[in-house]
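# Summary of the model geometry
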Amino acid sequence: MRLKDKVAIITGSSTTGIGYAVAKSYVNEGAKVVICGSKEEDTLNAKKRMETECPNADFLAIKVDVTKIEDVENLFKKTYEKWGKIDILVNNAGIAPAKPIENMSDSDFELVMNINAFGTFRCTREAIKYMKENGGSIINTGSIVGIYGSPHQAAYTASKAAINGLTKSNAKELGKYKIRVNTIAPGVVMTDMVKDNCDDTTIQRLNMMTPLGRGATTEDLVGMYIHLASDESVFTTGTIINIDGGLVM
Ligand code: NAD
């Protein structure tokens, strides 16, 4: 049990994507977890899934829209009230709408930045209050496109580049509190986000460009999320780790 009795919040964990897989893996490693979704219905569904799949899980399911400061404050308050500490924050909530930049409105750009980048900033700022005394691990879900770019994803790539900046600055600033900050940058992970954005031809092309020959499953990622949350990575901070089957290097 690599996360025994640790308390972890995972944003964007109400759907069947990366966040939920990470939440489940943390439960299986002995952590107490908070799963969150921006929609009431998704959050309830995730609660039911967790109760069925991990009957012994010690967990909370809370509706959290990371663009709303009152939701973010409530998330941390409720978690602390239940377990008296917060050790791990996974900033995973994100959206990835694709549009040519010439058709992208200010509000299109703002929405993506508000969820992906500001959401990470807001949750991190709140986490510091609770982690300052005993330290903690903050893991952001970035993307390889935050460094390498991608057509039709100006807002998304900018938001992920912002997360890379937050990772480095926050790691430098928060080390004195023993708060570690790292980012996992996935390549292609076969979740609804990819299925909604990529047709079969694009996926086949990406698979051919990937040395390991395929897109990732969520299960391919969870090991690194566990590692960065656990004391195994006690001296690792400020890193951006690609998990992409070698797609970029
Ligand atoms: P997903 O759509 O299943 O997960 C995104 C999650 O973010 C959902 O649970 C959604 O409810 C949540 N969310 C959206 N808006 C929110 C808001 N305002 N407040 C709180 N939560 C909100 O897709 P996924 O692929 O599991 O994506 C998870 C993360 O992984 C995202 O940050 C995404 O950018 C990143 N990522 C995914 C891929 C990929 O190929 N799937 C690649 C690189 C990075």
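Please refer to the structure higher up on the page.
The structure contained in this document is the topic of the report that follows.

Conventions used here
Residues numbered from 1 in each chain as written. Predicted model: local features only at pLDDT ≥ 70, side-chain atom pairs only at ≥ 80, totals over all residues. Heavy atoms only, no water. Near = heavy atom within 4 Å. Polar contact = N/O pair within 3.5 Å; in protein donor to acceptor, adjacent residues only side chain to side chain. Areas by Shrake-Rupley, 256 points an atom, 1.4 Å probe, with all protein chains shown as cover. Helix = DSSP H or I, 4+ residues; strand = E, 2+ residues; numbered from the N terminus. Nonpolar A, V, L, I, M, F, W, Y, C, P; charged D, E, K, R; others polar. Salt bridge = Lys/Arg side-chain N within 4 Å of Asp/Glu carboxyl O. Axes fitted to C-alpha atoms, helices over the stretch in contact; angles between N-to-C directions. Parallel < 35°, antiparallel > 145°, perpendicular 65-115°, else oblique. Left-handed = near helix turned anticlockwise from the far one by under 90°. Contact = heavy atoms within 4.5 Å. Buried < 20%, exposed > 50% of the residue type's maximum accessible area, 1.4 Å probe, protein only.

### As for the site of the ligand
Neighbouring residues of the ligand: 27 residues in total, closest Ile18, Asn92, Tyr156, Val189 and Thr191. Within the contact set of the ligand, an oxygen atom lies 2.8 Å away from a backbone nitrogen or oxygen of asparagine 92. Between the ligand and the protein, one listed contact pairs an oxygen atom with a side-chain N or O atom of threonine 191 at 2.5 Å. Within the complex, the protein chains bury 92% of what would otherwise be the 810 Å² of accessible surface of the ligand. Mapped onto the shell around the ligand, the elements with two or more residues apiece are helix 6 (154-174) and helix 7 (192-197). In terms of residue class, the shell around the ligand is made up of 12 nonpolar, 13 polar and 2 charged.

### Details of the pattern of salt bridges
Applying the stated criterion across every chain, the model contains 14 salt bridges. Between glutamate 51 and lysine 47 there is a salt bridge, with its nearest N and O atoms 3.0 Å apart. With a gap of 4 residues between them, glutamate 51 and lysine 47 both fall in helix 2 (residues 40-53), about one helical turn apart.

### Some details on the packing of helix 1 (residues 18-28) against helix 9 (residues 218-229)
Contact pair helix 1 / helix 9: the axes reach a minimum separation of 9 Å and the direction vectors enclose 55 degrees. One way to sum up the angle between helix 1 and helix 9 is to call them oblique. As for how helix 1 packs across helix 9, the hand of that crossing is right-handed. Each of Ile18, Ala21, Val22, Ser25 and Tyr26 in helix 1 lies in contact with helix 9, whose residues at this interface are Thr218, Glu219, Leu221, Val222, Tyr225, Ile226 and Ala229.

### What about unusual backbone geometry?
At aspartate 5, a position not held by glycine, the phi torsion is positive, near 65 degrees. Among the secondary structure elements, aspartate 5 is positioned in the segment before strand 1 (7-10). Take aspartate 5: its relative accessible area is 37%, and that puts it in the partly exposed class. The backbone of lysine 178 sits at a positive phi, close to 60 degrees, despite the residue not being glycine. The residue lysine 178 is located in the loop between helix 6 and strand 6 (179-186) in this model. What makes lysine 178 exposed here is its relative accessible area of 65%.

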